[in-house]
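Results of the structural survey
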Amino acid sequence: RMRGHDVIAFQVFDPDEREMDFVDLTRFRDLEDGSVLAADPPLIQAEYRRQFDQHQLRVKEQCLAHAVDHVVLSVADEYDEVIGDYLRRRAALML
C-alpha cells in the first residue's frame, strides 16, 4: 500500500523475450537507445535465459518488499481474462 492505495505491477512481456528461440545470426535493436547488437543466439541462449529469470525474480522480490502485487501477463494471454481473474482473487481476499 502506498499512501492508502493498493499498488499493482502488471509486467507484460512476449514469451519470445524469455525463450529467444532464434537459430541464425540475429541483429537485436535496443528499443530505448536504438543501438544494434549482432549475436549468435544458440551461443548465448542459456546465459540469456538465466539472466532473464534472475531479473524476473528480482522484480518479484522488489514488489514483495514494497507490498506491491506483481502480476506477470504474457502478450499471448487474453489480458482481460488475466486481469479479471486477478481482480476476482483480490476481491475474495478482501472479504
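Report follows, based on the coordinates. Nothing here was measured: the structure is a model prediction, and the numbers come from that model. (Residues numbered from 1 in each chain as written. Predicted model: local features only at pLDDT ≥ 70, side-chain atom pairs only at ≥ 80, totals over all residues. Heavy atoms only, no water.)

1. Notes on the overall build of the protein chain
Along the protein chain, the regular secondary structure elements total three helices and four strands. Counting from the amino terminus, the protein chain carries its helices and strands in the arrangement β-α-β-β-α-β-α. By the compact-globule yardstick of 12 Å for 95 residues, the protein chain is too spread out, its C-alpha radius of gyration being 17 Å. Taken along its principal axes, the extent of the C-alpha atoms in the protein chain is 55 × 25 × 25 Å. (Helix = DSSP H or I, 4+ residues; strand = E, 2+ residues; numbered from the N terminus. Rg over C-alpha atoms; globule rule 2.2 N^0.38 Å.)

2. Remarks on the packing of aromatic side chains
Per the stated rule, a full pass over the model turns up four aromatic pairs. Ring geometry for Phe-10 and Tyr-86: centres 5.9 Å apart, planes at 80 degrees, overall edge-to-face. In this pair, Phe-10 is assigned in strand S1 (residues 8–13) and Tyr-86 in helix H3 (residues 79–94), connecting sequence segments 76 residues apart. Judged by relative accessible area, Phe-10 falls into the partly exposed class, the value being 33%. Measuring from centroid to centroid gives 5.5 Å for Phe-22 and Phe-28, while their planes differ by 75 degrees, and the two rings are edge-to-face. (Phe/Tyr/Trp six-rings, centres within 6.5 Å; stacked < 30°, edge-to-face > 60°. Buried < 20%, exposed > 50% of the residue type's maximum accessible area, 1.4 Å probe, protein only.)

3. Brief notes about a nonpolar patch on the surface
Residues Ile-8, Phe-10, Val-12, Val-75 and Leu-87 make up a contiguous nonpolar surface patch of roughly 410 Å² in combined accessible area. Locating Leu-87 in the fold gives a position in helix H3. You can call Leu-87 partly exposed: its relative accessible area is 44%. (Patch = residues over 30% accessible without salt bridge, like charges linked within 9 Å, V, L, I, M, F, W, Y side chains within 5 Å. Areas by Shrake-Rupley, 256 points an atom, 1.4 Å probe, with all protein chains shown as cover. Salt bridge = Lys/Arg side-chain N within 4 Å of Asp/Glu carboxyl O.)

4. Here we look at the layout of surface pockets
Put simply, the largest pocket is a space of about 720 Å³. Glu-17, Met-20, Phe-28, Arg-29 and Tyr-48 are, among the 24 residues lining the largest pocket, the residues nearest its centre. Those elements that provide at least two residues to the lining of the largest pocket are S1, helix H1 (15–19), strand S2 (26–29), strand S3 (36–39) and helix H2 (41–65). In terms of residue count, the dominant contributor to the lining of the largest pocket is H2 (seven residues). Within the lining of the largest pocket, the residues separate by chemical class into 12 nonpolar, five polar and seven charged. (1 Å grid on protein atoms, 1.4 Å probe; cavity = no way out; pocket = protein on both sides within 12 Å on 5 of 7 lines; lining within 4 Å. Points joined across faces, edges and corners; volume = space filled by probe spheres on them. Nonpolar A, V, L, I, M, F, W, Y, C, P; charged D, E, K, R; others polar.)

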